[in-house]
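An overview of the molecular structure
Here's the letter readout for the chains.
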Amino acid sequence: MMVCEMRQLVGEESLVPLPRGTLPRTCACFLAAMVVALLLMMAPEDFIGLLATSMLMLTTGPLLHGVCLLMEEWLFRSSTRYRGRLLTGQMLLSCVGGRTLLSLGLAGLLLALEGDHQTEGGRWKLVVLLSVLYIPLKNLEILGPCQVEVSAICEENKNNVAYGLAWSFYLGYLKLVLPHLENSIASFRTTHSAGPFEKRGSRRLLILLPLNANIAQKLEDEDTNIQFYDNLPNIELDRAGVRGRVYKHSVYSVLDENGKSHQCAMEYATSLMTLYQMSHESNSGFGERERREQVLLFYRTLQDILEHSLDCKNRYTLILLNDEREDDPHFLSKTILSHLLQQEREEYCLTPHPHQDVGHILTPAQPGGGHQCTDAPMSVDPELMISQDLPRSLKDPVETSDV
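Residue numbers run consecutively from 1 along every chain, following the written order of its sequence. The model is predicted, so local features are restricted to residues of pLDDT at least 70 and side-chain atom pairs to those at 80 or more, both for listing and for counting; the totals for chains, interfaces and linings are taken over all residues. No hydrogens and no water enter the side-chain calculation; it runs on all heavy atoms of the structure.

Another aspect to go through is the overall build of the protein. From N to C terminus, the protein includes 13 helices and nine strands. Think of it in three bands: with a 1.4 Å probe and only protein chains considered, a residue is buried below 20% of the maximum accessible area for its type, exposed above 50%, and partly exposed in between. Counting every position in the protein, which comprises 403 residues, the buried fraction comes to 33%. Contact criterion: two residues are considered in contact whenever any of their non-hydrogen atoms come within 4.5 Å of each other. Taking as baseline every contact in the protein between residues at least 6 positions apart, the subset at least 24 positions apart corresponds to 66%. Accessible surface is estimated by sampling points in the Shrake-Rupley manner with a 1.4 Å probe; for residues, cover comes only from the protein chains shown. Surface accessibility of the protein: about 26,700 Å² in total, with carbon and sulfur atoms responsible for 58%. Here a helix means four or more residues in a row that DSSP labels H or I, a strand means two or more in a row labelled E, and each is numbered from the N terminus.

The structure is reproduced here in structure tokens:
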């Protein structure tokens, strides 16, 4: 049973896209190196001229395109983006790019090294023609970046919608409330005799993230095995000019297959509601495909943020819900219970139970694997141990008994 649950969790985690790597750059460099080596073997005397001309063709077009962009920035946006300065280095680098200028300079250096050897007029006509044709082809988006390139640029520069929403959800909510979660649960247990949160694995905030971003207002509407139990004590914080702004968490009872109730605090990630509503607005340019991608990026970004947050450590559990399994009416409760069981098996009992007088000591690993939690008295106050033996000289020989 545990193996199936772990496979289920691994399957959900496998939906999350990995950060983009450097494989395209590696392939490009490898292909370029092969072509350069082939040209060196076939025509070594023309290699420098061909290389210089090729670099000149590839860099002059982007340079002219950058000049066109520079004209618009200079005439219409210099007062708004560049603090009224007519022409600055920042404006020039924003339109042209330092790498383009560097490549153009390298091409000129190679042409100077080549000298007058093989500088036919046809080659220069080709350079001018290709550079001029590059401008309309670029503006018509024929040579523009594809969707993968745009996505990679947004991920590299952290310009995705999901990136901003994840940081907003963390800084504006989780970082404020999660440090108070343990005290809220302790206060909640003192006022409820039914014994909620008996297991340490349930003393976390379960954050649900459905892939379709469709968030229900009530969890019991999604699964009949989930029922509202009560609210944790309110957390009041002064925030953005509001005195005593109230934050709260809801506690739910989740029934397992045997009818046993498990209490836990859980909620949806409210930031996903923004993604869902954006996908239904015609002027947002945000479809269902983009929404799903942003939900996965939101999950990955939020997970990375929380893993490096000391304020939220061991106080949360992110649960990614696969909307492709909606045919099971109790899929939500089964997923939640599998995470609770996994947490309970991964965590050790290091603190004594409130109704026990003995502590739990973590014993060394047993031959069968794992650690065991044994009951043994734990020392509360340090005690001074005084030996009753008389002191002896270190030079005296040690007496040994004959066996």
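The next point concerns the packing of aromatic side chains. Pairing of aromatic rings covers Phe, Tyr and the six-membered ring of Trp, with a centre-to-centre limit of 6.5 Å; geometry is then stacked below 30 degrees between planes, edge-to-face above 60, and tilted otherwise. Counted according to the given criterion, the structure contains seven aromatic pairs. Summarising the aromatic geometry, the rings of Tyr173 and Tyr247 are spaced 6.3 Å apart at their centres and angled 45 degrees between planes, so their arrangement reads as tilted. Within this pair, whereas Tyr173 is found in helix 9 (residues 161–177), its partner Tyr247 is found in strand 4 (residues 242–247), the two being separated by 74 residues in sequence. An aromatic cluster is present here, built from Phe169, Tyr173, Tyr247 and Phe298 joined pairwise through their rings.

Relative to each other, helix 9 and helix 12 (residues 288–307) sit at 45 degrees, their axes nearing to 8 Å. In terms of axis orientation, helix 9 runs oblique to helix 12. In the packing of helix 9 onto helix 12, the handedness of the crossing is right-handed. Touching Val161, Ala162, Tyr163, Leu165, Ala166, Trp167, Phe169, Tyr170 and Leu174 of helix 9 are Gln294, Leu297, Phe298, Thr301, Leu302, Ile305 and Leu306, all from helix 12. For this scheme, ten residues count as nonpolar: Ala, Val, Leu, Ile, Met, Phe, Trp, Tyr, Cys and Pro. Four count as charged, namely Asp, Glu, Lys and Arg, and the remainder, Gly too, count as polar. Of the residues contributing to the contact of helix 9 with helix 12, the split by class is 14 nonpolar, two polar and no charged. Under this scheme, a helix contributes an axis fitted over its contacting stretch, all axes are lines through C-alpha atoms, and angles between N-to-C directions fall in the 0 to 180 degree range. When an angle is under 35 degrees it counts as roughly parallel; over 145 it counts as roughly antiparallel; between 65 and 115 it counts as roughly perpendicular; any other value is oblique. For any pair of crossing helices, the crossing counts as left-handed if the nearer helix is rotated counterclockwise from the farther one by less than a right angle, and right-handed if it is rotated clockwise.

This part takes up the nonpolar core. Side-chain atoms within 4.5 Å are what join buried Ala, Val, Leu, Ile, Met, Phe, Trp, Tyr and Cys residues into a set we call a nonpolar core. Within the largest apolar cluster, 57 residues are counted, with the highest numbers of intra-cluster contacts made by Leu174, Phe298 and Ile336. Broken down by element, this core gets its largest block of residues, nine residues, from helix 9. The residues touching Phe298, leaving out its near neighbours within four places in the chain, are Ala162, Leu165, Ala166, Phe169, Leu209, Ala269, Ser271 and Leu272. Counting eight residues, the second-largest nonpolar core is a separate cluster that includes Ala52, Met55, Ala107 and Val127.

Looking now at unusual backbone geometry. The phi dihedral of Ala240 falls on the positive side, at around 55 degrees, and the residue is not glycine. Within the fold, Ala240 resides in the loop between strand 3 (235–239) and strand 4. Relative accessible area serves as the criterion here: at 75%, Ala240 is assigned to the exposed category. At Asn314, a position not held by glycine, the phi torsion is positive, near 60 degrees. Accessibility expressed as a relative area gives 53% for Asn314, which makes it exposed.

Moving on, we come to the side chain of Asn160. Looking at the element boundaries, Asn160 is found in the loop between helix 8 (147–157) and helix 9. In this structure the side chain of Asn160 is engaged in a polar contact, spanning 3.4 Å, whose partner is the side chain of Gln294. Side-chain atoms alone can form a polar contact between residues adjacent in sequence; in general such a contact is a pair of N or O atoms within 3.5 Å, and within protein one must be able to donate a hydrogen while the other accepts it.

So, on to the pairing of strand 1 (residues 205–210). For strand 1, the tally of buried residues reaches six of six residues, placing the bulk of the element in the interior. Across the two faces of strand 1 the burial is the same, with Leu205, Ile207 and Leu209 and Leu206, Leu208 and Pro210 all buried. Sheet topology note: the strand 1/strand 6 (residues 261–268) ladder contains four bridges and is parallel. For Leu208, the partnering residue across the bridge sits in strand 6 and is Tyr268. Pairs of strands are assigned from DSSP output, requiring at least two bridges between the strands. Across six bridges, strand 1 lies against strand 7 (residues 316–321) in parallel orientation. Within strand 7, the residue paired with Leu208 across the bridge is Ile319.

Take a nonpolar patch on the surface next. Taken together, the side chains of Val67, Met71, Trp74, Leu75 and Phe76 define a hydrophobic patch exposed on the protein surface, amounting to about 520 Å² of accessible area. Relative to the elements of secondary structure, Trp74 occurs in helix 3 (residues 47–76). With a relative accessible area of 37%, Trp74 lands in the partly exposed category. For patch detection, residues must exceed 30% relative accessible area and be free of salt bridges, and they are connected within 9 Å for like charges or within 5 Å for nonpolar side chains (Val, Leu, Ile, Met, Phe, Trp, Tyr). What makes a salt bridge here is a side-chain nitrogen of Lys or Arg within 4 Å of a carboxyl oxygen of Asp or Glu, nothing more.

Inspection of the secondary structure puts Glu182 in helix 10 (residues 181–190). When the C-alpha positions of Glu182 and Arg204 are compared, they lie 8.2 Å apart, and in sequence the two are 22 residues distant.

Counting buried residues along strand 6, seven of its eight residues qualify, which places the element largely inside the surrounding structure. Inspection of the sheet shows strand 5 (residues 250–255) paired to strand 6 by five bridges, in the antiparallel sense. The partner of Ser253 across the bridge, within strand 6, is Gln263. Here strand 5 hands over to strand 6 after five residues, with Gly259 in that stretch at a positive phi of 80 degrees.

The next point concerns helix 9. For helix 9, spanning 17 residues, the distance from its first C-alpha to its last is 23 Å, which sits close to the expected 24 Å at 1.5 Å a residue. Of all the bends in helix 9, the greatest, near 40 degrees, is centred on Tyr170. When helix 9 is considered as a whole, its buried residues turn out to be Ala162, Leu165, Ala166, Phe169, Tyr170, Tyr173, Leu174, Leu176 and Val177. Here, expected helix span is obtained from the residue count minus one, scaled by 1.5 Å. For a residue, the bend is simply the angle between two axes, fitted respectively to the seven-residue segment ending there and the seven-residue segment starting there.

Hydrogen bonds between backbone groups are what pair the strands of a sheet, and the pairing can be parallel or antiparallel. With mixed pairing, five strands are arranged side by side in an open sheet as 2-5-6-1-7. The sheet is open, and its two borders are formed by strand 2 (226–231) and strand 7, each paired with just one other strand. Going from strand to strand, the sheet's axes swing by 40 degrees on average, the running direction of each strand aside.

A pair of cysteine sulfur atoms is labelled a disulfide when the two atoms are within 2.5 Å. Scanning the entire structure with this criterion turns up zero disulfides. In this model Cys27 remains outside any disulfide bridge; the closest cysteine sulfur is found in Cys29, 9.4 Å from its own.

Scope: geometric values only; no functional claims are made or implied.
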